[in-house]
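Descriptive structure summary
What follows is the residue order along each chain.
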Amino acid sequence: MAPETRTKPIQDQIDLEFEGKRVTLPVVKGSEAEAAIDIAKLRSSTGLITLDPGYGNTGSCYSGITFIDGEKGILRYRGYPIEQLAERSSFLEVAWLLIQGELPSQSQLANFQQLIVRHTMLHEDMRRFFTALPKDAHPMPVCAAAIGALATFYQRQEDEQFRHDVAVRLIAKMPTIAAWSYKHSIGQPVLYPRNDLPYASNFLRMMFGTPCEDYVVDPVVAKALDLLLILHADHEQNCSTSTVRMVGSSRANLFASISAGISALWGPLHGGANQEVIEMLEAIEAEGGNVDRFMQRAKDKNDTTRLMGFGHRVYKSYDPRAAILKRTCKEVIGRVGGSSRLLEIAIKLEEIALRDEYFVSRKLYPNVDFYSGVIYKAIGIPVNMFTVLFAIGRLPGWIAHWMELRNDPASKINRPRQIYTGPKERPYVALEARR
Ligand code: CMC
């Protein structure tokens, strides 16, 4: 299903000497001229390993899916700029692009959409799965568990066709799982998907409709949601994607790997940040909207407060996704009303931060989460579903990375090393002799 990883030829080399042992390490270059020292021979030749907690300087793989230049604020899926995809494509088109490597033809896209529509329903037995969980469960672990549980319904021997089938089923069923996890949390009956609705509209209807009253989807809202999904669809080797690849490297199946990715995304420093942004904006509003006081706290080293939605491990300039969302935010609020006070506070915070020496010197700019939460809030998505929406969007990216890993004949089980800092060898002390 996925195209083969294209590796690049060796461009240069670096000589290294440690305690009299020498090694020549190749420098490899990617298609955008980013360079890396290939250290595969480092340990066997010198006994050294590299140490990079948080992996800020470590390339874990070759990948042909997404290119980011964090200094210049560039994001491209399979070579296509995010701005153009956001303007002209749809989420399912982007999903195909990420997984297959090329934009679909009209008939390929039509067939793909048809396939997705045919697989949106969950096995009826899965309904009991939701009811077994506590009512106040956060929908993220519910989704992670539901995706893991889906594996039990698909236990065929894994081959190319099976992987393709699973990928389609995951993309098709994810909105149903997400909406059902929400319905369960509010004690309402679930709604079955409707095959005549496009992807985002189908999800919105399952979220907000009831058996007593159908939900009429506003096309502006559906378009905004589709855009949000496109913008979240991939972001190269981020925490959750690296998790998917890490789990997949043991040859674990796609369900297990995606379930792990959802769990990683749940963390407040990753996908959970947009929920924290809204909570931050609401807290500022509740305290009278004093943005200056909040900014002082965000800069204070003795205060744990951070300006959520600001800063990024990779972007050291404006996140291009945040720029697109800032415009959409104004459009959506103009259409559906509400939350304009939160948007005003967000814009004020941004204005201050972009002039403030603390943020400027640390290259902290708005990231995708800064405005996404304001849009979700405006269209009525409850705060605890924000990260779930991120997961629906990120799913094709996770799948594309998992497929890329599986199609790479050179891929190995991921197994980093460490620098041990614990006690040296010591003899066991008998229990009665211990204090
Ligand atoms: N507010 C205030 N100070 C900050 C912030 C912030 N949002 N982000 C970073 N800093 C400071 C940090 O205190 C440190 O200062 P100093 O050098 O004086 O110690 C410096 O900037 C570098 O921060 P870091 O934590 O070492 O940077 P990182 O690359 O490890 O972390 C980050 C990146 C995204 C985790 C961090 O910027 C952060 O916590 N931001 C807020 C949470 C957030 O918005 N997360 C969403 C990320 S985008 C979604 C995604 O792709 O997953």
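Because the structure is a prediction, the values reported are computed rather than measured. (Residues numbered from 1 in each chain as written. Predicted model: local features only at pLDDT ≥ 70, side-chain atom pairs only at ≥ 80, totals over all residues. Heavy atoms only, no water.)

Applying the stated criterion across every chain, the model contains 12 aromatic pairs. Taking 5.9 Å as the distance between ring centres and 75° as the angle between the ring planes, the aromatic pair formed by F310 and F359 counts as edge-to-face. One end of the pair, F310, is in the loop between α13 (291-299) and α14 (320-336); the other, F359, is in helix α16 (residues 357-361), and 49 residues separate them in sequence. Residue classification places F310 among the buried residues on the basis of a relative accessible area of 11%. Pairwise contacts between aromatic rings join F310, Y358, F359, F370 and Y371 into one cluster. Note that R362 overlies the ring of Y358, its terminal NZ or CZ placed 3.9 Å from the centroid. (Phe/Tyr/Trp six-rings, centres within 6.5 Å; stacked < 30°, edge-to-face > 60°. Helix = DSSP H or I, 4+ residues; strand = E, 2+ residues; numbered from the N terminus. Buried < 20%, exposed > 50% of the residue type's maximum accessible area, 1.4 Å probe, protein only. Lys NZ or Arg CZ within 6 Å of the ring centre and 35° of its normal.)

Taken together, 18 residues lie near the ligand, and H270, R306, L307, G309 and Y358 sit nearest. Contact between the ligand and K301: an oxygen atom at 3.1 Å from a side-chain N or O atom of the residue. Taken by itself the ligand offers 940 Å² of open surface, and the protein chains cover 76% of this. Its residues assigned to classes, the shell around the ligand shows eight nonpolar, five polar and five charged. (Near = heavy atom within 4 Å. Polar contact = N/O pair within 3.5 Å; in protein donor to acceptor, adjacent residues only side chain to side chain. Areas by Shrake-Rupley, 256 points an atom, 1.4 Å probe, with all protein chains shown as cover. Nonpolar A, V, L, I, M, F, W, Y, C, P; charged D, E, K, R; others polar.)

Before going further, it helps to spend a moment on a nonpolar patch on the surface. The grouping of I14, L16, I37 and I39 at the surface amounts to a nonpolar patch, some 270 Å² of accessible area in total. By the secondary structure assignment, I14 is in strand β1 (residues 10-18). When its relative accessible area of 32% is taken as the criterion, I14 is described as partly exposed. (Patch = residues over 30% accessible without salt bridge, like charges linked within 9 Å, V, L, I, M, F, W, Y side chains within 5 Å. Salt bridge = Lys/Arg side-chain N within 4 Å of Asp/Glu carboxyl O.)

With that out of the way, let us pick up the side chain of H232. Tracing the backbone shows H232 in helix α9 (residues 219-232). Here H232 is in contact with Y77, V368, D369, S372, Y376, F390, G393 and R394, once residues within four sequence places are set aside. (Contact = heavy atoms within 4.5 Å.)

To continue, consider the pattern of salt bridges. Applying the stated criterion across every chain, the model contains 20 salt bridges. With its nearest N and O atoms 3.1 Å apart, the salt bridge here joins D214 to R194. With a gap of 20 residues between them, D214 in the loop between α8 (199-208) and α9 and R194 in the loop between α7 (160-186) and α8 connect regions that are remote in the sequence. Judged by its relative accessible area of 31%, R194 falls in the partly exposed class. With a closest N to O distance of 2.7 Å, K377 and E282 form a salt bridge. With a gap of 95 residues between them, K377 in helix α17 (residues 368-378) and E282 in helix α12 (residues 273-286) connect regions that are remote in the sequence. Among the residues examined, E282 registers a relative accessible area of 27% and is labelled partly exposed. Counted as one network, the salt bridges with shared partners bring together R194, D196, R205 and D214.

So, about the sheet that holds strand β5 (residues 74-77). The strand order across the open sheet built from three strands is β4-β5-β6, with neighbouring strands paired in antiparallel fashion. Of all the strands in the sheet, just β4 (66-69) and β6 (80-81) have a single pairing partner and so form its edges. Pairing geometry for β4 and β5, over four bridges, is antiparallel. Opposite F67, over in β5, you have R76 as the bridge partner. (Pairing = 2+ DSSP bridges.)

Where helix α3 (residues 91-100) contacts helix α18 (residues 386-406), the two axes come as close as 8 Å, and the packing angle between them is 20°. Between α3 and α18, the angle is such that the two are roughly parallel. Note on packing geometry: the crossing formed by α3 with α18 is right-handed. For the pair formed by α3 and α18, the contact residues are F91, A95, L98 and I99 on the first element and I392, G393, P396, G397, I399 and A400 on the second. Across the contact of α3 with α18, the residue classes tally to eight nonpolar, two polar and no charged. (Axes fitted to C-alpha atoms, helices over the stretch in contact; angles between N-to-C directions. Parallel < 35°, antiparallel > 145°, perpendicular 65-115°, else oblique. Left-handed = near helix turned anticlockwise from the far one by under 90°.)

Turning next to helix α4 (residues 106-118). Over its 13 residues, α4 extends 18 Å from the first C-alpha to the last, a length consistent with the 18 Å expected when each residue adds 1.5 Å. For α4, every residue scored as buried is listed here: L109, F112, I116 and V117. Here the buried residues of α4 occupy an arc of 135° about the axis, which is enough to place them on one side. Pointing more than 90 degrees away from the buried face of α4 are the exposed residues N111 and R118. (Expected span 1.5 Å × (residues − 1). Arc of directions from axis to C-beta.)

Counted at 1.5 Å a residue, the expected span for α14 with its 17 residues is 24 Å, and the 25 Å between its end C-alpha atoms agrees. Buried within α14 we find P320, R321, A322, I324, L325, T328, C329, V332 and I333. Taken around the axis of α14, the buried residues stretch over an arc of 165°, which confines them to a single face. The exposed set on the far side of α14, more than 90 degrees from its buried face, consists of R327, E331 and G334. The inward-facing, buried residues of α14 abut β5, α2 (82-88), α9, α15 (340-355), α17 and α18.

Its identity is not glycine, yet E19 carries a phi of approximately 50°, on the positive side. In this structure, K363 is a non-glycine residue whose phi angle is positive, near 55°.

Quick look at the domain arrangement of the chain now. Taken domain by domain, the chain holds domain 1 (10-59), domain 2 (80-270 + 388-405) and domain 3 (273-378). Taking only C-alpha atoms, the centre of domain 1 and the centre of domain 3 are 39 Å apart. (Domains from an automatic or database assignment.)

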